[in-house]
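Descriptive structure summary
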Amino acid sequence: MRVEHQFDPEYRFVSPALKKAIQKIGDCKELSCLDMPVGNGRNVFYLANHFKNITAVDLNNKFINNIHTDSLKYNLKAGVIKTSILNLEKELPIETASCDFIATIHYFDYSFLSLVIDQMKKGAYFFIETPNCNGGNFFKLPTEQEINNLFKNVAVVFIDKHSCKSNNSPIKNISFKCLLNK
Ligand SMILES: C[S@@+](CC[C@H](N)C(=O)[O-])C[C@H]1O[C@@H](n2cnc3c(N)ncnc32)[C@H](O)[C@@H]1O
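First things first, this report covers the structure right here in the doc. (Residues numbered from 1 in each chain as written. Predicted model: local features only at pLDDT ≥ 70, side-chain atom pairs only at ≥ 80, totals over all residues. Heavy atoms only, no water.)

Each pocket or cavity is described by its volume, and for the largest pocket that value is around 350 Å³. Lining the largest pocket we find 19 residues, and of these Pro37, Val38, Gly39, Asp58 and His106 sit closest to its centre. The class makeup of the residues in the lining of the largest pocket is nine nonpolar, six polar and four charged. Empty space within the second largest pocket amounts to approximately 150 Å³. If you trace the second largest pocket, you find it lined by Tyr110, Ser114, Ile117, Asp118, Asn149, Leu150, Lys152, Asn153, Val154 and Lys182. Looking at the lining of the second largest pocket, the elements with two or more residues in it are α4 (110–119) and α5 (144–150). Grouping the constituent residues of the lining of the second largest pocket by class yields four nonpolar, three polar and three charged. (1 Å grid on protein atoms, 1.4 Å probe; cavity = no way out; pocket = protein on both sides within 12 Å on 5 of 7 lines; lining within 4 Å. Points joined across faces, edges and corners; volume = space filled by probe spheres on them. Nonpolar A, V, L, I, M, F, W, Y, C, P; charged D, E, K, R; others polar. Helix = DSSP H or I, 4+ residues; strand = E, 2+ residues; numbered from the N terminus.)

Counting 29 residues, the largest nonpolar core has Phe126 and Phe151 as the members making the most contacts within it. Looking at this core, the elements with two or more residues in it are α4, β5 (125–129), α5 and β7 (174–181). Non-local contacts of Phe151, meaning those with residues more than four positions away in its chain, are made with Ile117, Ile128, Val156, Ile159, Phe176, Cys178 and Leu180. Counting residues in each nonpolar core, the second largest holds 28 residues, with Tyr11, Cys28, Ala56 and Ala103 among its members. (Core = buried A, V, L, I, M, F, W, Y, C linked by side-chain atoms within 4.5 Å. Buried < 20%, exposed > 50% of the residue type's maximum accessible area, 1.4 Å probe, protein only. Contact = heavy atoms within 4.5 Å.)

Below, the discussion takes up the packing of aromatic side chains. How two aromatic rings sit relative to each other is set out by the distance from centre to centre and by the angle between their planes. Per the stated rule, a full pass over the model turns up five aromatic pairs. Note on Tyr11 and Tyr46: the rings are 5.4 Å apart at their centroids and 75° apart in plane angle, and the pair reads as edge-to-face. Here Tyr46 lies in helix α2 (residues 44–48) and Tyr11 lies in the segment before α1 (16–25), a separation of 35 residues in the sequence. This pair shows no difference in class: Tyr11 is buried, exactly as Tyr46 is. With 6.5 Å between their ring centres and 80° between their planes, Phe108 and Phe176 make a pair best called edge-to-face. Pair noted here: Phe108 is in the loop between β4 (101–105) and α4 and Phe176 is in strand β7, with a separation of 68 residues, a long-range link. On the basis of relative accessible area, Phe108 is assigned to the buried category, the value being 5%. According to the relative accessible area criterion, Phe176 is buried, its value standing at 1%. Connected via pairs of aromatic rings, a cluster forms that spans Phe108, Phe151 and Phe176. Directly above the aromatic system of Tyr46 lies the positively charged group of Lys19, at a separation of 5.9 Å from the ring centroid. (Phe/Tyr/Trp six-rings, centres within 6.5 Å; stacked < 30°, edge-to-face > 60°. Lys NZ or Arg CZ within 6 Å of the ring centre and 35° of its normal.)

The analysis is restricted to geometry; functional conclusions fall outside its scope.
And the structure:
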């Protein structure tokens, strides 16, 4: 993926399903948000204009540096985006347990998602958009049974599922976008 973030005040690269999730929640201006992993920031500037405060996390320090540079170009209601460089397979940011809305977009790791759901506070929302069925991420995507296990203690506000087609495997992996509420 490209490291350079292109300034886009019309937010054309923002995930449409994320926009739908924010619409469902309604007024977020008193809420806190966590975008992990943030990548090149295509969603974080949109989120920063809806939420009171925002934390962005990624393993890649180049992405995190770009967030700082680009935040000057946007007229952010949230002011400064707090950032953190972390390996999400090894540790979660401290905000996981306190923030009101968490977004995990185009990243899938079963243990990570399970831990986030476990740690997030009651009432918090979790928007998840897995990678799609193409490319090397496909084999990591969950089965229907794994999705059911993952979501057993949360309410599903909406979910959009797509079954990945594979000629040589009887196991059906699922790519999905959803909004959860604990
Ligand atoms: C496909 S990008 C998605 C970024 C962003 N959410 C988006 O939708 O544009 C995946 C991101 O995950 C980050 N990443 C991969 N493994 C990670 C890990 N173990 N801990 C933290 N970030 C990780 C990469 O650096 C990359 O920025």
